[in-house]
Amino acid sequence: REQKKVIQAYLEKTADDGAMAGLGFKLHDFGFRGVSSVETAGINGAGHLVNFLGTDTVAAMNVAIEYYGAPCGPNPTPDQFPPFLCPGYSIPASEHSTITSWTKAG
């Protein structure tokens, strides 16, 4: 929760008015890569999902759904975003090694 508070405070000081709407995606979880097991990824990632929506750790979403009853399915209010509710969402991201291998020409 403290990370979210810090991010929120700096958004309030430095960002445009609409930036706060994306607060849930300001700290993304790629933690599946550096843990010892699927279970560890699920437990740690579910903790991340308490405060943030951005994750690429599918095991975390499974834990959130199975053990904590997180929603997963069509939004019961079809005119509201997102159309499909789930504990977390991915973002379009590239691996660092692919970006750093680019030349100046692209």
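Residues numbered from 1 in each chain as written. Predicted model: local features only at pLDDT ≥ 70, side-chain atom pairs only at ≥ 80, totals over all residues. Heavy atoms only, no water.

Asker: Quick question: what am I supposed to make of the nonpolar core here?
Answerer: In summary, soluble globular proteins display a tendency toward joint burial of nonpolar side chains. With five residues, the main nonpolar core is built from Leu49, Ala60, Met61, Ala64 and Ala70. If one sorts the elements of this core by residue count, helix α3 (residues 58–68) sits on top with three residues. In contact with methionine 61, other than residues within four places in its own chain, are Leu49, Thr55, Pro87 and Gly88. (Core = buried A, V, L, I, M, F, W, Y, C linked by side-chain atoms within 4.5 Å. Buried < 20%, exposed > 50% of the residue type's maximum accessible area, 1.4 Å probe, protein only. Helix = DSSP H or I, 4+ residues; strand = E, 2+ residues; numbered from the N terminus. Contact = heavy atoms within 4.5 Å.)

Asker: Before we go on, may I ask you to explain the side chain of threonine 55 in this structure?
Answerer: Counting through the fold element by element, threonine 55 comes out in the loop between α2 (38–49) and α3. Looking at threonine 55, its side chain comes within polar contact range of the side chain of aspartate 29, at 3.4 Å. Only 2.9 Å separates the side chain of threonine 55 from the backbone nitrogen of threonine 57, close enough to count as a polar contact. Excluding its chain neighbours within four sequence positions, the residues that come into contact with threonine 55 are His28, Asp29, Leu49, Met61, Gly88, Tyr89 and Ser90. (Polar contact = N/O pair within 3.5 Å; in protein donor to acceptor, adjacent residues only side chain to side chain.)

Asker: Please explain α2 as it appears in this structure.
Answerer: The terminal C-alpha atoms of α2, which comprises 12 residues, lie 16 Å apart, in line with the 16 Å expected from a rise of 1.5 Å per residue. All of the buried residues in α2 are Ala41, Gly42, Gly45, Ala46, His48 and Leu49. Taken end-on, α2 shows its buried residues confined to a sector of 150°, consistent with a single buried face. Turned more than 90 degrees off the buried face of α2, the exposed positions are Glu39 and Ile43. In the core, the buried residues of α2 are packed alongside α3. (Expected span 1.5 Å × (residues − 1). Arc of directions from axis to C-beta.)

Asker: Explain the pattern of salt bridges here, please?
Answerer: Think of it this way: side chains of opposite charge can pair up when their charged atoms draw near. The final tally for this structure, using the stated rule, is one salt bridge. Between glutamate 2 and lysine 5 there is a salt bridge, and its shortest N-O distance comes to 3.1 Å. Of this pair, glutamate 2 and lysine 5 both sit in helix α1 (residues 2–14), separated by three residues, roughly a single helical turn. Glutamate 2 gets classed as exposed once you look at its relative accessible area, which sits at 52%. Using a relative accessible area of 41% as the deciding quantity, one classes lysine 5 as partly exposed. (Salt bridge = Lys/Arg side-chain N within 4 Å of Asp/Glu carboxyl O.)

Asker: For this particular structure, what's the right way to read the environment of histidine 28?
Answerer: Within the secondary structure, histidine 28 is located in the loop between α1 and α2. Linking histidine 28 and threonine 55, residues 27 residues apart in sequence, is a C-alpha distance of 5.4 Å. Every residue in contact with histidine 28, bar those within four places of it in the chain, is listed here: His48, Gly54, Thr55, Asp56, Tyr89, Ser90 and Ile91. Within the local environment of histidine 28, its side chain forms a polar contact with the backbone nitrogen of threonine 55, the two atoms lying 3.5 Å apart.

Asker: Just checking my understanding: could you explain the environment of aspartate 17 for this structure?
Answerer: Structurally, the position occupied by aspartate 17 is in the loop between α1 and α2. Taking C-alpha positions, aspartate 17 is 25 Å from alanine 93, a pair spaced 76 residues apart along the chain.

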